[in-house]
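What follows is the residue order along each chain.
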Amino acid sequence: MTEPLPLTQNALRPGVIELAYGEPDPALLPVDLVESAAARVLRELGPGAIAYGTRSGPLGLRRAIATRIAAREGREVAETGVYVSGGSSQALDLILTVFTGPGDVVLVETPTYNLALGTMRDHPVEIIGVALDGEGLVAAALEATLARLRSAGKHARLLYTIPTFHNPTGTCLEGERRGRLLALAAHHDLLIVEDDVYRELAYDEAAPQALWAADPAAPVIRLGSFSKSLAPGLRVGWVNARPDLLARLDAAGVLDSGGGVSHFAACVVALALTSGGYDAHVSRLRRAYASRRDALGGALRAHLPAGSSFAAPAGGFFIWVKLPGGVRAAELLPAAEEHGVSFAPGRGFCSDGDDGHLRLSFSLYDEERLAEGARRLGAALRAHARRPR
Ligand SMILES: Cc1ncc(COP(=O)(O)O)c(C=O)c1O
(Lines give C-alpha, C1' and ligand atoms only; values in the text may rest on other atoms or scores of the structure.)
Protein backbone atom coordinates (compact mmCIF):
# COMPACT_ATOMS: atom_id res chain seq x y z
CA MET A 1 0.00 0.00 0.00
CA THR A 2 1.34 3.49 -0.78
CA GLU A 3 1.77 5.98 2.05
CA PRO A 4 -0.86 8.73 2.12
CA LEU A 5 0.48 12.07 0.89
CA PRO A 6 1.13 14.63 3.64
CA LEU A 7 -2.00 16.72 3.80
CA THR A 8 -1.89 18.96 6.83
CA GLN A 9 0.70 21.44 8.09
CA ASN A 10 1.49 20.02 11.53
CA ALA A 11 1.98 16.29 12.07
CA LEU A 12 1.16 15.00 15.55
CA ARG A 13 3.79 12.68 17.03
CA PRO A 14 2.53 9.50 18.64
CA GLY A 15 2.91 9.62 22.42
CA VAL A 16 3.33 13.41 22.54
CA ILE A 17 0.59 15.80 23.65
CA GLU A 18 1.29 18.67 21.28
CA LEU A 19 0.42 21.90 23.08
CA ALA A 20 2.51 24.01 20.70
CA TYR A 21 0.03 24.25 17.83
CA GLY A 22 -2.53 27.06 17.76
CA GLU A 23 -5.00 25.41 15.44
CA PRO A 24 -8.55 24.12 15.71
CA ASP A 25 -9.13 20.52 16.75
CA PRO A 26 -9.87 18.54 13.53
CA ALA A 27 -12.74 16.91 15.44
CA LEU A 28 -14.34 20.37 15.66
CA LEU A 29 -13.97 21.23 11.97
CA PRO A 30 -17.46 21.41 10.38
CA VAL A 31 -17.04 19.02 7.43
CA ASP A 32 -20.81 18.63 6.90
CA LEU A 33 -21.44 22.38 6.89
CA VAL A 34 -18.65 22.99 4.36
CA GLU A 35 -19.76 20.05 2.22
CA SER A 36 -23.36 21.21 1.95
CA ALA A 37 -22.37 24.85 1.39
CA ALA A 38 -19.88 23.85 -1.34
CA ALA A 39 -22.48 21.71 -3.12
CA ARG A 40 -25.04 24.54 -3.01
CA VAL A 41 -22.49 27.09 -4.27
CA LEU A 42 -21.73 24.95 -7.31
CA ARG A 43 -25.41 24.25 -7.96
CA GLU A 44 -26.48 27.87 -7.63
CA LEU A 45 -23.49 29.78 -9.05
CA GLY A 46 -22.26 27.24 -11.62
CA PRO A 47 -19.03 28.17 -13.44
CA GLY A 48 -18.99 31.61 -11.77
CA ALA A 49 -18.02 29.88 -8.54
CA ILE A 50 -14.80 28.56 -10.06
CA ALA A 51 -13.91 31.33 -12.52
CA TYR A 52 -11.45 34.13 -11.60
CA GLY A 53 -13.12 36.12 -8.84
CA THR A 54 -13.60 39.88 -8.42
CA ARG A 55 -10.55 41.68 -6.97
CA SER A 56 -11.91 42.40 -3.49
CA GLY A 57 -13.84 39.14 -3.12
CA PRO A 58 -17.36 37.97 -3.92
CA LEU A 59 -19.97 40.59 -3.09
CA GLY A 60 -22.10 37.94 -1.33
CA LEU A 61 -19.39 37.38 1.29
CA ARG A 62 -18.56 41.06 1.65
CA ARG A 63 -22.25 41.74 2.28
CA ALA A 64 -22.59 38.86 4.77
CA ILE A 65 -19.52 40.05 6.71
CA ALA A 66 -20.82 43.64 6.75
CA THR A 67 -24.20 42.44 8.06
CA ARG A 68 -22.56 40.39 10.80
CA ILE A 69 -20.33 43.30 11.87
CA ALA A 70 -23.34 45.64 12.10
CA ALA A 71 -25.22 43.09 14.22
CA ARG A 72 -22.39 42.03 16.51
CA GLU A 73 -20.07 45.03 16.66
CA GLY A 74 -22.59 47.84 16.21
CA ARG A 75 -20.59 49.40 13.41
CA GLU A 76 -22.30 50.07 10.09
CA VAL A 77 -19.99 49.22 7.22
CA ALA A 78 -20.68 49.22 3.50
CA GLU A 79 -19.99 45.99 1.64
CA THR A 80 -17.29 47.96 -0.18
CA GLY A 81 -15.65 48.45 3.23
CA VAL A 82 -14.73 44.77 3.29
CA TYR A 83 -11.83 43.22 1.35
CA VAL A 84 -11.82 39.41 1.29
CA SER A 85 -8.36 38.03 2.04
CA GLY A 86 -6.70 34.63 1.99
CA GLY A 87 -6.74 34.67 5.79
CA SER A 88 -5.06 37.15 8.11
CA SER A 89 -1.60 35.97 6.99
CA GLN A 90 -2.10 36.85 3.32
CA ALA A 91 -3.63 40.17 4.33
CA LEU A 92 -0.60 41.05 6.48
CA ASP A 93 1.78 40.15 3.68
CA LEU A 94 -0.18 42.28 1.19
CA ILE A 95 -0.30 45.21 3.63
CA LEU A 96 3.47 45.04 4.11
CA THR A 97 3.91 44.98 0.33
CA VAL A 98 1.62 47.93 -0.26
CA PHE A 99 2.38 50.16 2.73
CA THR A 100 6.07 49.65 3.56
CA GLY A 101 9.32 50.21 1.72
CA PRO A 102 12.94 49.19 2.33
CA GLY A 103 14.22 50.24 5.77
CA ASP A 104 10.79 51.26 7.13
CA VAL A 105 10.22 50.61 10.82
CA VAL A 106 7.48 48.15 11.81
CA LEU A 107 6.55 48.07 15.49
CA VAL A 108 5.33 44.89 17.18
CA GLU A 109 4.34 43.91 20.69
CA THR A 110 6.88 41.94 22.73
CA PRO A 111 5.80 39.17 22.74
CA THR A 112 3.80 38.88 19.52
CA TYR A 113 2.46 36.17 17.19
CA ASN A 114 5.63 34.32 16.19
CA LEU A 115 4.61 33.57 12.62
CA ALA A 116 3.68 37.19 11.91
CA LEU A 117 7.34 37.95 12.63
CA GLY A 118 8.22 35.45 9.88
CA THR A 119 5.92 37.23 7.42
CA MET A 120 7.52 40.56 8.33
CA ARG A 121 11.01 39.15 7.83
CA ASP A 122 10.07 38.42 4.21
CA HIS A 123 10.01 42.20 3.75
CA PRO A 124 13.00 44.58 3.99
CA VAL A 125 11.70 46.33 7.12
CA GLU A 126 13.22 46.93 10.54
CA ILE A 127 11.19 45.25 13.32
CA ILE A 128 11.18 46.95 16.71
CA GLY A 129 9.45 45.54 19.80
CA VAL A 130 7.30 47.50 22.27
CA ALA A 131 6.52 46.18 25.77
CA LEU A 132 3.24 44.47 26.58
CA ASP A 133 1.93 43.68 30.08
CA GLY A 134 -1.18 42.09 31.60
CA GLU A 135 -3.31 44.90 30.12
CA GLY A 136 -1.88 44.68 26.61
CA LEU A 137 0.47 47.00 24.74
CA VAL A 138 2.00 49.55 27.13
CA ALA A 139 0.93 52.90 25.66
CA ALA A 140 3.69 54.78 27.52
CA ALA A 141 6.31 52.43 26.04
CA LEU A 142 4.88 53.02 22.57
CA GLU A 143 5.00 56.76 23.09
CA ALA A 144 8.63 56.57 24.27
CA THR A 145 9.59 54.40 21.28
CA LEU A 146 7.92 56.79 18.83
CA ALA A 147 9.71 59.76 20.42
CA ARG A 148 13.07 57.94 20.36
CA LEU A 149 12.62 57.03 16.69
CA ARG A 150 11.62 60.56 15.83
CA SER A 151 14.71 62.04 17.50
CA ALA A 152 16.83 59.54 15.56
CA GLY A 153 15.24 60.84 12.35
CA LYS A 154 13.23 57.66 11.80
CA HIS A 155 9.52 57.26 11.21
CA ALA A 156 7.60 54.17 12.34
CA ARG A 157 5.39 53.29 9.40
CA LEU A 158 3.22 50.62 10.94
CA LEU A 159 2.28 48.95 14.23
CA TYR A 160 1.14 45.32 14.20
CA THR A 161 -0.98 44.60 17.27
CA ILE A 162 -3.33 41.90 18.59
CA PRO A 163 -5.46 43.84 21.08
CA THR A 164 -8.13 41.16 21.59
CA PHE A 165 -7.25 37.70 22.97
CA HIS A 166 -3.62 38.19 22.17
CA ASN A 167 -1.39 35.45 20.80
CA PRO A 168 0.56 34.31 22.81
CA THR A 169 -0.50 36.01 26.09
CA GLY A 170 -4.32 35.92 25.84
CA THR A 171 -4.57 39.52 27.11
CA CYS A 172 -7.02 42.17 25.92
CA LEU A 173 -5.87 45.75 25.56
CA GLU A 174 -7.35 47.80 28.41
CA GLY A 175 -9.97 50.43 27.44
CA GLU A 176 -8.09 53.65 28.18
CA ARG A 177 -5.00 52.34 26.43
CA ARG A 178 -7.11 51.75 23.32
CA GLY A 179 -7.93 55.45 23.22
CA ARG A 180 -4.31 56.44 23.79
CA LEU A 181 -3.11 54.12 21.08
CA LEU A 182 -5.52 55.65 18.55
CA ALA A 183 -4.45 59.17 19.55
CA LEU A 184 -0.75 58.27 19.22
CA ALA A 185 -1.32 56.71 15.81
CA ALA A 186 -3.10 59.82 14.54
CA HIS A 187 -0.40 62.10 15.98
CA HIS A 188 2.56 60.13 14.61
CA ASP A 189 1.05 59.15 11.24
CA LEU A 190 1.28 55.51 12.29
CA LEU A 191 -0.77 52.86 10.51
CA ILE A 192 -2.22 50.32 12.95
CA VAL A 193 -2.68 46.76 11.72
CA GLU A 194 -5.14 45.19 14.16
CA ASP A 195 -4.99 41.39 13.98
CA ASP A 196 -8.42 40.35 15.24
CA VAL A 197 -8.58 36.64 14.41
CA TYR A 198 -9.82 35.48 17.85
CA ARG A 199 -12.78 37.90 18.21
CA GLU A 200 -15.41 35.17 17.77
CA LEU A 201 -13.82 32.95 20.43
CA ALA A 202 -14.88 34.94 23.52
CA TYR A 203 -15.72 32.70 26.49
CA ASP A 204 -16.77 34.88 29.40
CA GLU A 205 -18.30 38.00 27.90
CA ALA A 206 -18.41 39.75 24.53
CA ALA A 207 -15.02 40.70 23.10
CA PRO A 208 -14.00 44.36 23.57
CA GLN A 209 -14.73 46.77 20.76
CA ALA A 210 -12.19 46.58 17.96
CA LEU A 211 -9.82 49.53 17.51
CA TRP A 212 -11.10 49.75 13.96
CA ALA A 213 -14.71 49.96 15.13
CA ALA A 214 -14.01 52.76 17.61
CA ASP A 215 -13.36 55.49 15.05
CA PRO A 216 -14.20 55.39 11.32
CA ALA A 217 -11.49 57.97 10.57
CA ALA A 218 -8.69 56.17 12.43
CA PRO A 219 -5.68 54.83 10.52
CA VAL A 220 -6.53 51.21 11.45
CA ILE A 221 -6.61 48.17 9.21
CA ARG A 222 -8.49 45.35 10.96
CA LEU A 223 -7.78 41.74 9.94
CA GLY A 224 -10.54 39.20 10.49
CA SER A 225 -10.34 35.49 9.77
CA PHE A 226 -12.50 32.39 9.42
CA SER A 227 -9.50 30.16 10.24
CA LYS A 228 -10.25 29.76 13.94
CA SER A 229 -14.03 30.10 13.83
CA LEU A 230 -14.71 27.93 10.77
CA ALA A 231 -11.80 26.16 9.04
CA PRO A 232 -8.20 27.25 8.37
CA GLY A 233 -7.86 25.24 5.15
CA LEU A 234 -10.49 27.42 3.47
CA ARG A 235 -7.96 30.30 3.65
CA VAL A 236 -10.59 32.98 3.96
CA GLY A 237 -10.42 36.12 6.05
CA TRP A 238 -11.16 39.79 5.49
CA VAL A 239 -9.93 43.33 5.98
CA ASN A 240 -11.80 46.41 7.20
CA ALA A 241 -10.30 49.85 6.78
CA ARG A 242 -11.00 53.38 5.59
CA PRO A 243 -11.88 53.57 1.86
CA ASP A 244 -8.55 55.26 0.98
CA LEU A 245 -6.58 52.44 2.62
CA LEU A 246 -8.71 49.70 1.06
CA ALA A 247 -8.31 51.33 -2.36
CA ARG A 248 -4.55 50.89 -2.08
CA LEU A 249 -4.92 47.19 -1.31
CA ASP A 250 -7.42 46.81 -4.14
CA ALA A 251 -4.89 48.33 -6.58
CA ALA A 252 -2.27 45.63 -5.84
CA GLY A 253 -0.82 44.04 -8.98
CA VAL A 254 -1.28 40.51 -7.65
CA LEU A 255 -5.07 40.99 -7.83
CA ASP A 256 -4.80 41.98 -11.51
CA SER A 257 -3.11 38.71 -12.26
CA GLY A 258 -5.10 36.35 -10.07
CA GLY A 259 -8.33 38.12 -9.23
CA GLY A 260 -9.72 37.90 -5.70
CA VAL A 261 -7.99 35.32 -3.49
CA SER A 262 -9.68 32.08 -2.37
CA HIS A 263 -12.68 32.86 -4.62
CA PHE A 264 -14.48 29.51 -4.41
CA ALA A 265 -13.85 29.12 -0.68
CA ALA A 266 -15.11 32.68 -0.15
CA CYS A 267 -18.39 31.77 -1.89
CA VAL A 268 -18.65 28.73 0.41
CA VAL A 269 -18.09 30.87 3.51
CA ALA A 270 -20.76 33.33 2.32
CA LEU A 271 -23.29 30.52 2.20
CA ALA A 272 -22.25 29.18 5.61
CA LEU A 273 -22.87 32.67 7.02
CA THR A 274 -26.22 33.36 5.37
CA SER A 275 -27.60 29.86 6.10
CA GLY A 276 -27.12 30.32 9.87
CA GLY A 277 -24.79 27.30 9.94
CA TYR A 278 -21.81 29.47 10.87
CA ASP A 279 -23.54 31.01 13.91
CA ALA A 280 -24.53 27.61 15.26
CA HIS A 281 -20.98 26.36 14.74
CA VAL A 282 -19.38 29.32 16.53
CA SER A 283 -21.69 28.83 19.53
CA ARG A 284 -20.58 25.20 19.71
CA LEU A 285 -16.93 26.21 19.50
CA ARG A 286 -17.27 28.75 22.30
CA ARG A 287 -18.66 26.13 24.65
CA ALA A 288 -16.05 23.53 23.68
CA TYR A 289 -13.02 25.81 23.93
CA ALA A 290 -14.19 27.49 27.16
CA SER A 291 -14.36 24.08 28.79
CA ARG A 292 -10.89 23.20 27.47
CA ARG A 293 -9.46 26.46 28.77
CA ASP A 294 -10.87 25.68 32.20
CA ALA A 295 -9.51 22.13 32.11
CA LEU A 296 -5.99 23.20 31.17
CA GLY A 297 -5.98 26.14 33.58
CA GLY A 298 -7.17 23.98 36.47
CA ALA A 299 -4.61 21.26 35.78
CA LEU A 300 -1.77 23.77 35.47
CA ARG A 301 -2.71 25.22 38.85
CA ALA A 302 -2.52 21.72 40.30
CA HIS A 303 0.71 20.59 38.64
CA LEU A 304 3.05 23.51 37.93
CA PRO A 305 5.78 24.04 40.52
CA ALA A 306 6.04 27.17 42.66
CA GLY A 307 7.47 30.12 40.77
CA SER A 308 5.40 29.46 37.65
CA SER A 309 2.45 31.72 36.91
CA PHE A 310 -0.15 32.46 34.26
CA ALA A 311 -3.41 34.33 33.74
CA ALA A 312 -6.29 32.35 32.23
CA PRO A 313 -7.46 34.17 29.07
CA ALA A 314 -11.06 35.27 28.41
CA GLY A 315 -10.84 34.12 24.80
CA GLY A 316 -8.62 32.72 22.08
CA PHE A 317 -6.51 29.57 22.21
CA PHE A 318 -3.54 30.22 24.51
CA ILE A 319 -2.13 30.19 28.02
CA TRP A 320 1.22 31.99 28.44
CA VAL A 321 3.14 30.50 31.33
CA LYS A 322 5.91 32.37 33.15
CA LEU A 323 8.54 29.84 34.13
CA PRO A 324 10.26 29.69 37.52
CA GLY A 325 13.27 32.03 37.70
CA GLY A 326 16.17 31.00 35.50
CA VAL A 327 14.36 28.29 33.50
CA ARG A 328 14.69 28.84 29.74
CA ALA A 329 11.83 27.36 27.72
CA ALA A 330 13.99 26.07 24.85
CA GLU A 331 16.21 24.24 27.38
CA LEU A 332 13.15 22.72 29.05
CA LEU A 333 11.66 21.48 25.76
CA PRO A 334 13.73 18.26 25.39
CA ALA A 335 12.80 17.19 28.95
CA ALA A 336 9.15 17.99 28.25
CA GLU A 337 9.14 15.94 25.05
CA GLU A 338 10.74 13.02 26.92
CA HIS A 339 7.79 13.29 29.30
CA GLY A 340 5.39 13.24 26.31
CA VAL A 341 4.31 16.87 26.10
CA SER A 342 5.36 19.73 23.85
CA PHE A 343 4.93 23.52 23.85
CA ALA A 344 6.08 26.62 22.00
CA PRO A 345 9.12 28.26 23.69
CA GLY A 346 8.65 31.95 24.42
CA ARG A 347 11.67 33.21 22.51
CA GLY A 348 9.97 32.60 19.13
CA PHE A 349 7.42 35.27 20.10
CA CYS A 350 9.86 37.83 21.46
CA SER A 351 11.74 40.11 19.10
CA ASP A 352 14.26 40.55 22.00
CA GLY A 353 14.85 36.77 22.31
CA ASP A 354 13.47 36.48 25.89
CA ASP A 355 12.78 32.82 26.73
CA GLY A 356 11.38 32.86 30.26
CA HIS A 357 7.86 31.89 29.12
CA LEU A 358 6.18 29.14 27.15
CA ARG A 359 2.94 29.08 25.20
CA LEU A 360 0.38 26.32 25.57
CA SER A 361 -2.59 25.94 23.25
CA PHE A 362 -5.81 24.38 24.54
CA SER A 363 -7.47 24.16 21.11
CA LEU A 364 -6.30 20.79 19.87
CA TYR A 365 -7.19 18.26 22.60
CA ASP A 366 -10.09 17.34 24.82
CA GLU A 367 -10.17 18.08 28.54
CA GLU A 368 -8.68 14.77 29.62
CA ARG A 369 -5.63 15.03 27.32
CA LEU A 370 -5.08 18.66 28.32
CA ALA A 371 -5.05 17.71 32.00
CA GLU A 372 -2.59 14.93 31.26
CA GLY A 373 -0.43 17.39 29.28
CA ALA A 374 -0.32 19.73 32.28
CA ARG A 375 0.64 16.84 34.58
CA ARG A 376 3.49 15.86 32.23
CA LEU A 377 4.67 19.47 32.00
CA GLY A 378 4.79 19.75 35.78
CA ALA A 379 6.79 16.51 35.98
CA ALA A 380 9.18 17.74 33.26
CA LEU A 381 9.77 21.02 35.12
CA ARG A 382 10.60 19.12 38.32
CA ALA A 383 12.95 16.76 36.45
CA HIS A 384 14.60 19.75 34.73
CA ALA A 385 15.17 21.43 38.11
CA ARG A 386 16.87 18.24 39.44
CA ARG A 387 19.18 17.75 36.44
CA PRO A 388 22.93 17.97 37.07
CA ARG A 389 24.37 21.31 35.94
C1 LIG B 1 -2.71 36.30 15.92
C2 LIG B 1 -2.84 35.43 14.73
N3 LIG B 1 -2.94 35.99 13.52
C4 LIG B 1 -3.07 35.25 12.40
C5 LIG B 1 -3.10 33.87 12.46
C6 LIG B 1 -3.24 33.12 11.18
O7 LIG B 1 -4.48 33.44 10.64
P8 LIG B 1 -4.94 33.01 9.19
O9 LIG B 1 -5.14 31.53 9.20
O10 LIG B 1 -6.21 33.76 9.01
O11 LIG B 1 -3.89 33.41 8.22
C12 LIG B 1 -3.00 33.23 13.69
C13 LIG B 1 -2.98 31.76 13.79
O14 LIG B 1 -2.40 31.18 14.66
C15 LIG B 1 -2.86 34.03 14.85
O16 LIG B 1 -2.76 33.48 16.06
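Computed from a predicted structure; not experimentally measured. (Residues numbered from 1 in each chain as written. Predicted model: local features only at pLDDT ≥ 70, side-chain atom pairs only at ≥ 80, totals over all residues.)

Chemist: Report on helix H6 (residues 175-188), specifying residues and quantitative values.
Modeler: End to end, H6 covers 20 Å across 14 residues, agreeing with the expected 20 Å (1.5 Å per residue, within 8%). Considered for burial, the residues of H6 that qualify are Arg178, Leu181 and Ala185. The arc enclosing the buried residues of H6, seen along the axis, measures out at 65°, which places them on a common side. In H6, the exposed positions angled more than 90 degrees off the buried face are occupied by Glu176 and His187. Looking at the packing, one finds that the buried side of H6 touches strand S5 (136-137), helix H5 (139-151), strand S7 (191-195) and helix H7 (211-214). Backbone geometry just downstream of H6 places Asp189 in the positive-phi region, at approximately 55°. (Helix = DSSP H or I, 4+ residues; strand = E, 2+ residues; numbered from the N terminus. Expected span 1.5 Å × (residues − 1). Buried ≥ 20, exposed ≤ 12 C-beta atoms within 10 Å, placed from the backbone. Arc of directions from axis to C-beta. Contact = placed C-beta atoms within 7 Å.)

Chemist: Tell me about the nonpolar core, residues and numbers included.
Modeler: Ranked by size, the top nonpolar core spans 105 residues in total, and within it Val193, Val268, Val269, Leu296, Ile319 and Leu360 carry the most contacts. Counting residues per element, this core draws most heavily on helix H10 (residues 263-274), at nine residues. Two domains each provide a minimum of three residues to this core, namely domain 1 (17-30 + 279-386) and domain 2 (31-277). Once residues lying within four places of it in the same chain are set aside, the contact partners of Val268 are Val34, Ala37, Ala38, Val41 and Leu234. (Core = buried A, V, L, I, M, F, W, Y, C linked by C-beta atoms within 7 Å. Domains from an automatic or database assignment.)

Chemist: Tell me what's going on with unusual backbone geometry, and back it up with residues and numbers.
Modeler: With an omega dihedral of 5°, the bond running from Thr110 to Pro111 counts as a cis peptide bond. Along the polypeptide, Pro111 turns up in the loop between strand S3 (105-110) and helix H4 (114-121). Look at the link from Asn167 to Pro168: it is a cis peptide, with omega at 15°. With respect to the element layout, Pro168 can be found in the loop between strand S6 (156-161) and H6. Non-glycine residue Arg235 carries a positive phi angle of around 50°. Inspection of the secondary structure puts Arg235 in the loop between strand S8 (220-225) and strand S9 (237-240).

Chemist: Which residues make up the environment of Asp355, and what are the values?
Modeler: Considering the arrangement of structural elements, one finds Asp355 in the loop between strand S12 (344-345) and strand S13 (357-361). Spatially, the C-alpha atom of Asp355 lies 8.3 Å from that of Val327, the residues being 28 residues apart in sequence.

Chemist: Any chance you could break down the sheet that holds S13 for me, citing the residues and the numbers?
Modeler: Within a beta sheet, neighbouring strands are joined by backbone hydrogen bonds and run either parallel or antiparallel to one another. In space, the three strands of this open sheet follow the order S10-S13-S12, with antiparallel pairing throughout. Taken across any chain shown, the strands that pair with only one partner, and hence form the sheet edges, are strand S10 (318-322) and S12. As paired elements, S10 and S13 share five bridges and run antiparallel to each other. Bridging across to S13, Ile319 finds its partner in Leu360. (Pairing = 2+ DSSP bridges.)

Chemist: For the packing of helix H11 (residues 277-303) against helix H13 (residues 367-386), give the residues involved together with the corresponding values.
Modeler: The geometry of H11 relative to H13 is characterised by a closest axis approach of 8 Å and an angle of 25° between their N-to-C directions. By the angle between their directions, the pair H11 and H13 is classed as roughly parallel. For the crossing formed where H11 meets H13, the hand is right-handed. Here Ser291, Arg292, Ala295, Leu296, Ala299, Leu300 and His303 of H11 lie close against H13, whose contacting residues are Glu367, Leu370, Ala371, Ala374, Arg375, Leu377 and Gly378. When grouped by side-chain class, the residues that make up the contact of H11 with H13 number eight nonpolar, three polar and three charged. (Axes fitted to C-alpha atoms, helices over the stretch in contact; angles between N-to-C directions. Parallel < 35°, antiparallel > 145°, perpendicular 65-115°, else oblique. Left-handed = near helix turned anticlockwise from the far one by under 90°. Nonpolar A, V, L, I, M, F, W, Y, C, P; charged D, E, K, R; others polar.)

Chemist: A description of the site of the ligand should follow, citing residues and the corresponding values.
Modeler: Of all residues adjacent to the ligand, which total 13 residues, the nearest are Gly87, Ser88, Ser89, Ser225 and Ser227. At three residues, the largest contribution of residues to the shell around the ligand is made by helix H3 (residues 87-99). Grouping the amino acids of the shell around the ligand by side-chain chemistry returns four nonpolar, eight polar and one charged. (Near = placed C-beta within 6 Å.)

Chemist: An account of the sheet that holds strand S4 (residues 126-133) is needed here, citing residue identities and associated values.
Modeler: Strand order across the open sheet formed by eight strands is S2-S9-S8-S7-S6-S3-S4-S5, with mixed pairing between neighbours. Looking along the sheet, the strands with just one partner apiece sit at the ends: strand S2 (82-85) and S5. Judged from the four bridges that link them, S2 and S9 form a sheet pairing that is antiparallel. By the bridge assignment, Tyr83 is partnered in S9 with Val239. Along the sheet, H5 makes contact with S3, S4, S5 and S6, crossing S4 at roughly 155°.

Chemist: Can you tell me about the domain arrangement of the protein, naming the residues and giving the values?
Modeler: Split by domain assignment, the protein resolves into domain 1 (17-30 + 279-386) and domain 2 (31-277). A separation of 26 Å is found between the C-alpha centroids of domain 1 and domain 2. Listed by partner, the interface residues are 29 residues for domain 1 and 33 residues for domain 2. Secondary-structure elements contributing two or more residues to the side of domain 1 that touches domain 2 are H11 and S10. Of the residues belonging to the side of domain 1 that touches domain 2, the class tally is 16 nonpolar, seven polar and six charged.

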